[in-house]
Amino acid sequence: MGELRGFLKVERKTTESRPVCLRLKDFREVSIFVTGEHSQEQASRCMDCGTPFCHWGCPIGNYIPEWNDLVFRGHWQRAFQLLAATNNFPEITGRICPALCEYSCALGINDDPVTIRENELAIIEYAFKKGLVKPSRLKKRTGKKIAIVGSGPAGLSLADQLNKAGHLVAVFEKQDKIGGILRYGIPDFKLEKWVLERRINLLKKEGIVFNTSVCVGKELKTKYLKKEFDAICLAVGCGVPRDLNIEGRTLSGIHFAMDYLIQANKKVSQELIPSDKLIDAKGRRVVVIGGGDTGADCLGVAHRQGAKCVVQIELLAKPPECRTPDYPWPKYPLLCKTTTSHEEGGIREWSVSTKKFSGRNGQVKKLFCQRVAQEASDGKFEIKADLVILALGFLHPEHNGLVKDLGLELDSRGNVKTDENYMTKVLGIFSAGDMHRGQSLVAWAISEGRKAAYAIDKYLMGETYLPKM
Ligand SMILES: Cc1cc2nc3c(=O)[nH]c(=O)nc-3n(C[C@H](O)[C@H](O)[C@H](O)COP(=O)(O)OP(=O)(O)OC[C@H]3O[C@@H](n4cnc5c(N)ncnc54)[C@H](O)[C@@H]3O)c2cc1C
Ligand code: SF4
């Protein structure tokens, strides 16, 4: 365990963020990274409870109390080895995971939980700095070929695991760069893209072949994959956005969040966007419809682009600030989340239904809204807008294209149905990540990728030495 009674001596102290006035001038990461003594002190708070619920709360089952203890004692290399045993990309979860584990930390019952996510980041960044994260050289290959479609966190963890098992792995990605939502959804102020490049370079050196700008089902027929590969795993995400089909929806200036974020991320990476396609918040009155994390990312981007003002509206009521009896410890609670983007400005409104858009010369100018809890006559109000971003969540994966071509079965929510071994109803074709689970989180996508890799290796070889999770 950490220091005996460490939690009585040391208070939780999270790392600081860059001042708002500075961070709004660029897209660089908001958090100031710290490691060393700060992390050791924070790790000392871990009580190493008999049954570690943090481990239960983490989708990838990280050995949290064990590596907290190693960090406290300064055994960083061993902490890294233990972390790498369960998490393919701790430098990513350490930056952007909502830290489900911390809501299950026993200290959180009557005190502040251990800074688990930040300790995870400190371990992996120490390992990179000291040259401990090296490409592993495989002595023997199995000769089996596996195609992975989609290069988000599910596809990448699948590729990493199956490559380590000795198979030849080819990843196919329709975008021109690897990473899925990590690349084009999540803004740099949460995850700078060199972090992703560093990992992808390692995966390439280990022998994984990446094919970009290839949309499977369009440019590349599924027939070809079936003929050329011993197994296929589909991890194309859950990309069909929820729409708001109300009067005025076809006015220009109303966009889906991902269309906005993909462009914004490309611009930050110096990729050229044709001027007639450009969605830019500069000098505009922006309304983000949808109060979740994607909406918050749009808010942060709009402020950095120089929006005149930003309003974020949500249909549901404001969630509570503290746990309610519906979400007792150690469950992950539904709470009102204030992200770093919210600290930067903007107005947040809850319990608001958008009834209609109106415009001038085909361009959106106004939203007609209604406060949900109030009488129709009392609760009406209008918001002026030049740019409206729809961040209403995602329904399911795209059904046309490869899902249809392969004749895959869907579950009741429209996601791809598999058996308990991640295999679809078509022999040798598997599915993992958001495409299978529905819209979720990076840690869950990694978890799905690892579990599917275990099942695929077993399917191909009859047995597997890969970890089950
Ligand atoms: C804006 C936004 C912000 C988020 N922020 C966070 C966060 O801070 N923390 C967190 O934990 N989670 C976050 N999430 C959720 C998280 O990003 C997803 O759960 C995760 O990326 C899902 O991983 P995946 O690999 O299943 O799919 P994706 O990341 O969606 O990757 C799927 C990939 O498949 C490719 N593809 C699709 N069709 C084809 C085809 N036919 N051929 C070839 N390639 C194809 C896509 O281009 C994409 O690259 C966020 C989601 C969004 C939208
Ligand atoms: S992946 Fe997320 S839930 Fe798991 S230990 Fe890291 S921060 Fe916690």
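In the block above lies the structure referred to throughout.
The rules behind each value
- Residues numbered from 1 in each chain as written.
- Chains lettered and ligands numbered in written order.
- Predicted model: local features only at pLDDT ≥ 70, side-chain atom pairs only at ≥ 80, totals over all residues.
- Heavy atoms only, no water.
- 1 Å grid on protein atoms, 1.4 Å probe; cavity = no way out; pocket = protein on both sides within 12 Å on 5 of 7 lines; lining within 4 Å.
- Points joined across faces, edges and corners; volume = space filled by probe spheres on them.
- Helix = DSSP H or I, 4+ residues; strand = E, 2+ residues; numbered from the N terminus.
- Nonpolar A, V, L, I, M, F, W, Y, C, P; charged D, E, K, R; others polar.
- Phe/Tyr/Trp six-rings, centres within 6.5 Å; stacked < 30°, edge-to-face > 60°.
- Lys NZ or Arg CZ within 6 Å of the ring centre and 35° of its normal.
- Pairing = 2+ DSSP bridges.
- Axes fitted to C-alpha atoms, helices over the stretch in contact; angles between N-to-C directions.
- Contact = heavy atoms within 4.5 Å.
- Near = heavy atom within 4 Å.
- Sits in = over half its atoms within 2 Å of the grid points.
- Left-handed = near helix turned anticlockwise from the far one by under 90°.

## Regarding the layout of surface pockets
Thought 1: What the second largest pocket holds in volume is close to 320 Å³.
Thought 2: What lines the second largest pocket is a set of 22 residues, among which A84, D160, K164, R199 and E206 lie closest to the centre.
Thought 3: Mapped onto the lining of the second largest pocket, the elements with two or more residues apiece are α6 (76–84), α10 (153–164) and α12 (193–205).
Thought 4: When the residues that make up the lining of the second largest pocket are grouped by side-chain class, the tally is twelve nonpolar, four polar and six charged.

## Overview of the packing of aromatic side chains
Thought 1: Inspection of the entire model under this criterion finds six aromatic pairs.
Thought 2: Taken together, a centroid distance of 5.1 Å and an interplanar angle of 20 degrees make the contact between W76 and Y126 stacked. Here W76, found in helix α6, pairs with Y126, found in helix α9 (residues 116–129); they are 50 residues apart in sequence, far enough to count as distant.
Thought 3: Each residue in the set F53, W56 and W329 is aromatic and connected to the rest through ring pairs, giving one cluster.
Thought 4: Over the aromatic face of F229 sits the side chain of K145, whose NZ or CZ is 5.3 Å from the ring centroid.
Thought 5: Lying across the ring of W444, R437 places its NZ or CZ 3.8 Å from the centre.

## What to know about the sheet that holds strand β10 (residues 352–360)
Strands pair in a sheet through their backbones, by hydrogen bonds, and they do so in one of two ways: parallel or antiparallel.
Thought 1: What the three strands build is an open sheet, ordered β10-β11-β12; its pairing is antiparallel. Edge positions in the sheet fall to β10 and β12 (380–384), since each of these pairs with one other strand and no more. Looking at each pair of strands side by side, their axes are set apart by 25 degrees on average, direction ignored.
Thought 2: Judged from the five bridges that link them, strand β11 (residues 363–371) and β12 form a sheet pairing that is antiparallel. Within β12, the position partnered with Q370 by the bridge is K380.

## Regarding the sheet that holds strand β4 (residues 231–234)
Thought 1: Spatial strand order, β3-β2-β1-β4-β15: five strands in an open sheet with parallel pairing. The sheet terminates laterally at β3 (209–211) and β15 (429–431), the two strands that pair on one side only. On average, each strand axis in the sheet is tilted by 20 degrees relative to the strand beside it, whichever way the strands run.
Thought 2: In this structure, strand β1 (residues 145–149) lies alongside β4, joined through four bridges in parallel fashion. The partner of A147 across the bridge, within β4, is I232.
Thought 3: α10 rests against β1, β2 (168–172), β3 and β4 of the sheet, and its axis sits at about 170 degrees to β1.
Thought 4: Strands β1, β4 and β15 of the sheet are contacted by helix α19 (residues 442–461), whose axis makes an angle of about 165 degrees with β4.

## Some details on the site of ligand 2
Thought 1: Neighbouring ligand 2 are C58, P59, I60, N62, I64, T93, C97, A99, L100, C101, R117 and E120.
Thought 2: For ligand 2, the cavity whose grid points lie within 2 Å of the majority of its atoms is the largest cavity.
Thought 3: For the shell around ligand 2, the elements supplying multiple residues, two or more each, are α8 (100–103) and α9.
Thought 4: Of the residues in the shell around ligand 2, the class split is eight nonpolar, two polar and two charged.

## Considerations on the packing of α10 against α19
Thought 1: Viewed as axis vectors pointing N to C, α10 and α19 meet at an angle of 35 degrees, and their least axial separation amounts to 7 Å. The handedness of the crossing between α10 and α19 comes out as right-handed. Together, P153, A154, S157, L158, Q161 and L162 of α10 and V442, A445, I446, G449, R450, A452, A453, I456 and D457 of α19 make up the contact between the two elements.
Thought 2: Tallied by class, the residues present in the contact of α10 with α19 amount to ten nonpolar, three polar and two charged.

Everything listed here is a matter of coordinates, which is why it stays silent on function.
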